[in-house]
Amino acid sequence: MTRSGLNAETPSRPSGNLRAGRFVANLIVLLISLGTIAGALELYARLVADDGMEFNLEMWKYAKAMKAVAGDARIGHEHVPGVRARLMGVDVAINSRKLRAREFSLEKPANTTRILMLGDSIAFGWGVRAEETVSERLEAMLNAEGGGRYEVINAGVGNYNTDMEVGYFLGEGRQYRPDIVLLNYFVNDAEPSPRYRG
């Protein structure tokens, strides 16, 4: 009997197994909720916030999808052969020789003046379709004038500086045996070359 004269049972505490089971169930519900929230935020970012025109985000995508650490320390990074991505609202494709260009043989065709265009994202053609790049427009203009046959090879790589562009030429670019080399220069090309860990 209790003080009030009624028989009352003391509520029993849940057993250790039952408490552990409840904890695991609550943890699973929490993880599913967090996963759902993260998925919704990702979907929002991809469909609403990212219109493909945010420069910093697009440069990050470019670095992640299209570039890798180079075997040649002089250039630091290079394009991955054969990759494609949509960046800054345009489709970008890299050929088998790591260039944003159609395929060019190393052997120069007869009666052709070959121009190699070195540079950074401006030469690469950041934000424009392949046919609107400086190299493609220059080639079309020269060939339209009727003064011979011209090939202009776009060797532009985003985030290159002058040292890296010269390094590319000494390592790979000169294999194309260009008659003319155009080095595109922008004010940030004097910055020091980044150092990569392999």
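Everything discussed here concerns the structure shown above.
The following paragraphs examine the structure supplied in this document. Computed from a predicted model, the values in this text were never measured in an experiment.

### A closer look at the overall build of the protein chain
Of the regular secondary structure elements, the protein chain holds five helices and seven strands. Going from N to C terminus, the protein chain has its helices and strands arranged as α-α-β-β-β-β-β-α-α-β-α-β. By the burial criterion, 33% of the 198 residues in the protein chain qualify as buried. Considering only contacts in the protein chain between residues 6 or more positions apart, those separated by 24 or more positions represent 64%. Carbon and sulfur atoms provide 58% of the accessible area of the protein chain, an area that totals close to 12,800 Å².

### Structural notes on the nonpolar core
One finds Y62, M66, L87, L99, W126 and Y168 to be the most contacted residues of the largest nonpolar core, which totals 26 residues. Here this core gets three residues from one element, more than from any other, and that element is helix α2 (residues 55-66). The residues contacting M66, other than those within four sequence positions of it, are K61, E78, H79, V80, V83, R84, A85, L87, V92, A93 and I94. M117, L138, Y150 and V152 belong to the second-largest nonpolar core, a separate cluster that totals seven residues.

### Some remarks on helix α4 (residues 134-144)
Along α4, the residues that are buried comprise S135, L138, E139 and L142. Each buried residue of α4 lies within a common arc of 100° when the element is viewed along its axis, so the set occupies one face. Facing away from the buried surface of α4 by more than 90 degrees, the exposed residues are R137 and A144. Where α4 is buried, its residues meet β5 (112-119), β6 (149-156) and β7 (180-183). G146 sits one or two positions beyond α4 and adopts a positive phi of about 75°.

### Quick notes on the sheet that holds β5
Spatially, the three strands line up as an open sheet ordered β6-β5-β7, and their pairing is parallel. At either end of the open sheet lies a strand with only one pairing partner, and these are β6 and β7. Direction aside, the axes of adjacent strands within the sheet are offset by 20° on average. With four bridges joining them, β5 and β7 adopt parallel strand pairing. Its bridge partner lying in β7, M117 is registered against L182. Of the strands in this sheet, β5, β6 and β7 touch α4, which is tilted by about 175° from β6.

### A few points about the side chain of N95
Secondary-structure assignment places N95 in the loop between β4 (90-93) and β5. Side-chain polar atoms of N95 contact the backbone nitrogen of R97, separated by 2.7 Å. Every residue in contact with N95, bar those within four places of it in the chain, is listed here: P81, G82, A101, R102 and E103.

Rules used in this analysis
Residues numbered from 1 in each chain as written. Predicted model: local features only at pLDDT ≥ 70, side-chain atom pairs only at ≥ 80, totals over all residues. Heavy atoms only, no water. Helix = DSSP H or I, 4+ residues; strand = E, 2+ residues; numbered from the N terminus. Buried < 20%, exposed > 50% of the residue type's maximum accessible area, 1.4 Å probe, protein only. Contact = heavy atoms within 4.5 Å. Areas by Shrake-Rupley, 256 points an atom, 1.4 Å probe, with all protein chains shown as cover. Core = buried A, V, L, I, M, F, W, Y, C linked by side-chain atoms within 4.5 Å. Arc of directions from axis to C-beta. Pairing = 2+ DSSP bridges. Axes fitted to C-alpha atoms, helices over the stretch in contact; angles between N-to-C directions. Polar contact = N/O pair within 3.5 Å; in protein donor to acceptor, adjacent residues only side chain to side chain.

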